[in-house]
Amino acid sequence: MGINNSGYSEIYEALHEPLDPLLIVCHISPDGDAIGAALAVAHLCDDWSRPCVLVNDDEIPERYNFLPGVERFIKTQDVGQMFAYAVSVDCADVRRMGEAWRLMIPDGQLINIDHHETNNHFGALNLVESEAAATCLVLYRMIRENGLQMTRALALVLYTGIVFDTGGFHYNNTTPEIHLAAANLLSYDIEPFVVADRVLEAMTREQIELVRLGLSTLHVHESGLIAYVAIDQTMLKASGAHDGDVEVLLPYPRTLVGVEVGLLFRERMDGSVKVSLRSREIVDVSEIALSFGGGGHVRAAGCEISGSLQDVIETVMVKVEAVVQRAYSANA
Ligand SMILES: [Mn+2]
């Protein structure tokens, strides 16, 4: 456990004891771990008869429609109440909560439950375990340590977060502990194929079209160590896909043999560019993301930079080249 962390029982009591409604927020552009973790807290609240509201600035991607309770998410702009109690899950810093943090009253109590290395302990109470592969694993530990009851709905959302953040048990964050947790969760009548299919594999026709267009932009650095794809608004419109669908392109640049850092650049409507970074074995991409005001993990990180797509690509590539070069000379 990290510095300034609260214990599992303290977090449990803070979630369980107040009767006031709890605001549950996961990060903007929510992914499987964020959504799973937010829903897990909501299912716990249901078990305790504590009212709660699930809020996000963004739409929940349709691939998560199979999750119990997902229809309860409300867009931040549609929430007409303020909260004295809130929990953020899978958010490395307060900005990742988007506009939803404004729904807290000034003296409100925020509980920060997360697993990002770059988490800055912004909560009144913090449970940040950066060695955990997923926020859903942090919640699983909290549930087990407090002897709380597991239900099928809870098991399904937690399993989903774990599958997502381990890339289907592919990444190096896949530990014996997480397999044991997954085994336990599967015993609640969970179908592993349904989760892997919906969360990691299934693509809509529009998403496949986006992959086709996106891969045509593939650029490989002369070193062979860096590759990126870039999606602009024209391609997004041509594919018919939504903004949140662009993530389907994320795995490809790093998949190329020999590539250490793979990047995805996506042009946003507001004149900014979202940059997602993945590394294979050596480079710490969270450091690169952090230098541009973003954050994340050693092997997966992201940031948002204002500027034109081409300018942002150039700026980021200069930084990535320098970091890759340094990493390889240190390893030589
Ligand atoms: Mn996560």
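In case you missed it, the structure is sitting above this.
Residues numbered from 1 in each chain as written. Predicted model: local features only at pLDDT ≥ 70, side-chain atom pairs only at ≥ 80, totals over all residues. Heavy atoms only, no water.

**Q** Looking at this structure, I do not really get the overall build of the protein. What am I missing?
**A** A count of helical and extended segments in the protein gives 11 helices and 12 strands. Scaling as 2.2 N^0.38, a compact globule of 332 residues should have a C-alpha radius of gyration of about 20 Å, and the protein matches this with 20 Å. Along the three orthogonal principal directions, the C-alpha set of the protein runs to about 60 × 45 × 40 Å. Within the span of the protein, comprising 332 residues, buried residues form 55% of the whole. For the protein, contacts bridging at least 24 residues in sequence account for 64% of all contacts bridging at least 6. Each charge class in the protein was averaged separately, 23 positive and 46 negative side chains, and the resulting centres sit 4 Å apart. (Helix = DSSP H or I, 4+ residues; strand = E, 2+ residues; numbered from the N terminus. Rg over C-alpha atoms; globule rule 2.2 N^0.38 Å. Buried < 20%, exposed > 50% of the residue type's maximum accessible area, 1.4 Å probe, protein only. Contact = heavy atoms within 4.5 Å. Lys, Arg positive; Asp, Glu negative; His and termini not counted. Charge placed at Lys NZ, Arg CZ, Asp CG, Glu CD.)

**Q** What is the right way to read the pairing of strand 5 (residues 104-114) from this model?
**A** In summary, the side chains of a regular strand alternate between the two faces of the sheet. Where strand 4 (residues 83-89) meets strand 5, six bridges bridge the pair, whose relative direction is parallel. If you follow Ala86 over to strand 5, its bridge partner there is Leu110. Across four bridges, strand 5 lies against strand 6 (residues 125-128) in parallel orientation. Paired with Ile113 across the two strands is Leu127, which belongs to strand 6. (Pairing = 2+ DSSP bridges.)

**Q** How should I be thinking about the packing of aromatic side chains in this particular structure?
**A** In total, this model carries three aromatic pairs according to the counting rule given. Centroid distance Tyr12 to Trp48: 5.6 Å. Interplanar angle 65°. Geometry classified as edge-to-face. With Tyr12 in helix 1 (residues 8-16) and Trp48 in the loop between helix 2 (32-47) and strand 2 (52-56), this pair connects stretches of sequence that are 36 residues apart. In this structure, Tyr12 and Trp48 share a single accessibility class: buried. When the centroid spacing of 5.3 Å and the interplanar angle of 85° are considered together, the rings of Tyr228 and Phe265 count as edge-to-face. Taken together, the positions of Tyr228 in strand 8 (residues 226-231) and Phe265 in strand 9 (residues 261-267) put the pair 37 residues apart, joining distant regions of the chain. Here Arg50 stacks its cationic end above the ring of Tyr85, 5.3 Å away from the centre of that ring. (Phe/Tyr/Trp six-rings, centres within 6.5 Å; stacked < 30°, edge-to-face > 60°. Lys NZ or Arg CZ within 6 Å of the ring centre and 35° of its normal.)

**Q** What exactly am I supposed to notice about the pattern of salt bridges here?
**A** Note that side chains of opposite charge can pair when their charged atoms are close. Evaluated as defined, the whole model comprises 13 salt bridges. The partner of Arg63 in a salt bridge is Glu247, and the shortest N-O contact between them spans 3.9 Å. Of the two residues, Arg63 sits in the loop between strand 2 and strand 3 (73-75) while Glu247 sits in the loop between helix 8 (233-239) and helix 9 (252-255), which places them 184 residues apart along the sequence. By relative accessible area, which is 24% here, Glu247 ends up partly exposed. In this structure, the salt-bridge partner of Arg198 is Asp197, at a minimum N-O distance of 2.8 Å. (Salt bridge = Lys/Arg side-chain N within 4 Å of Asp/Glu carboxyl O.)

**Q** Explanation requested: the coordination of the manganese ion in the structure shown.
**A** Put simply, the ideal angle at a metal is 109.5 degrees for four donors in tetrahedral geometry and 90 or 180 degrees for six donors in octahedral geometry. Donor atoms from the polypeptide that coordinate the manganese ion comprise Asp33 (OD), Asp90 (OD), His115 (NE2) and Asp165 (OD), at 2.1 to 2.3 Å from the metal. Taken in sequence order, the residues that donate to the manganese ion follow the motif D-x56-D-x24-H-x49-D. Taken together, the residues Asp90 in the loop between strand 4 and strand 5 and His115 in the loop between strand 5 and strand 6 connect sequence positions 25 residues apart. (Donors = N, O, S within 2.8 Å, 3.2 Å for Na, K, Ca; no water.)

Remember, this is a structural readout, not a statement about activity or role.
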